[in-house]
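Chain by chain, the residues:
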Amino acid sequence: MRRVWKVSVVFGIAAIAAGTLYGVLGATDGLRIDPTDRRQTETGRRFYAEACASCHGANLEGQPNWQKRLPNGRLPAPPHDASGHTWHHPDIDLFRITKLGPAAYPPGHNTDMPAFGAQLSDDDIAAILAYIKSTWPPEIRARHDRLNGAR
């Protein structure tokens, strides 16, 4: 009987943890990331300037030599314009990276990307992503839309 109780407790804790992780890491289905919405992109531009531009550049240009590892083994902040690789990742990944920072990556992956989940709401993060996407050329945006549809 005692073993059954212990197993029940373990499964209960695992279920709570899974629910919490889904809440933190869950889908962006409820979020609206619309690069054609001027209100959302303007809000995103302001939040980007406050939270992201210091590393990723005021013009989304990223840090110099962003593809070359630093002496500490980490990569500089990449650009978010069409020259970077941001558009190679679906919205859910971009959202998780912004919200969770290092926790969004596989174990052992070192990054200087901080977690913004405590400073920015989910809607704020969605607005930043909408702003970034609004700067991409139509062909890049279309390719990214197809990537989002494939998930």
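The structure we're discussing is the one just above.
Let me sum up the structure you'll find in this document. (Residues numbered from 1 in each chain as written. Predicted model: local features only at pLDDT ≥ 70, side-chain atom pairs only at ≥ 80, totals over all residues. Heavy atoms only, no water.)

## Some details on the layout of surface pockets
For step 1, the next point in the chain: Roughly 820 Å³ of volume is contained in the largest pocket.
For step 2, the next point in the chain: Lining the largest pocket we find 36 residues, and of these Pro78, Ile97, Tyr105, Thr111 and Met113 sit closest to its centre.
For step 3, the next point in the chain: Every element with two or more residues in the lining of the largest pocket is listed here: α3 (53–56), α4 (91–100) and α5 (122–134).
For step 4, the next point in the chain: Here the element with the most residues in the lining of the largest pocket is α4; it accounts for five residues.
For step 5, the next point in the chain: Each residue belonging to the lining of the largest pocket can be placed in one class, and the counts come to 21 nonpolar, ten polar and five charged. (1 Å grid on protein atoms, 1.4 Å probe; cavity = no way out; pocket = protein on both sides within 12 Å on 5 of 7 lines; lining within 4 Å. Points joined across faces, edges and corners; volume = space filled by probe spheres on them. Helix = DSSP H or I, 4+ residues; strand = E, 2+ residues; numbered from the N terminus. Nonpolar A, V, L, I, M, F, W, Y, C, P; charged D, E, K, R; others polar.)

## Section: the packing of aromatic side chains
For step 1, the next point in the chain: One pass over the structure, following the stated rule, counts one aromatic pair.
For step 2, the next point in the chain: Ring geometry for Tyr48 versus Tyr131: centroids 5.6 Å apart, planes at 50°, classification tilted. With Tyr48 in helix α2 (residues 38–51) and Tyr131 in helix α5, this residue pair connects regions lying 83 residues apart in the sequence.
For step 3, the next point in the chain: The class for Tyr48 is buried, based on a relative accessible area of 2%. (Phe/Tyr/Trp six-rings, centres within 6.5 Å; stacked < 30°, edge-to-face > 60°. Buried < 20%, exposed > 50% of the residue type's maximum accessible area, 1.4 Å probe, protein only.)

## Some remarks on the packing of α4 against α5
For step 1, the next point in the chain: At a minimum axis separation of 10 Å, α4 and α5 run at an interaxial angle of 125°. When the axes of α4 and α5 are compared, the pair comes out oblique. Crossing of α4 against α5: the hand is right-handed. From α4, Asp91, Leu94, Phe95, Thr98 and Lys99 reach across to α5, where they touch Asp122, Ile125, Leu129 and Lys133.
For step 2, the next point in the chain: Split into classes, the residues belonging to the contact of α4 with α5 amount to four nonpolar, one polar and four charged. (Axes fitted to C-alpha atoms, helices over the stretch in contact; angles between N-to-C directions. Parallel < 35°, antiparallel > 145°, perpendicular 65-115°, else oblique. Left-handed = near helix turned anticlockwise from the far one by under 90°. Contact = heavy atoms within 4.5 Å.)

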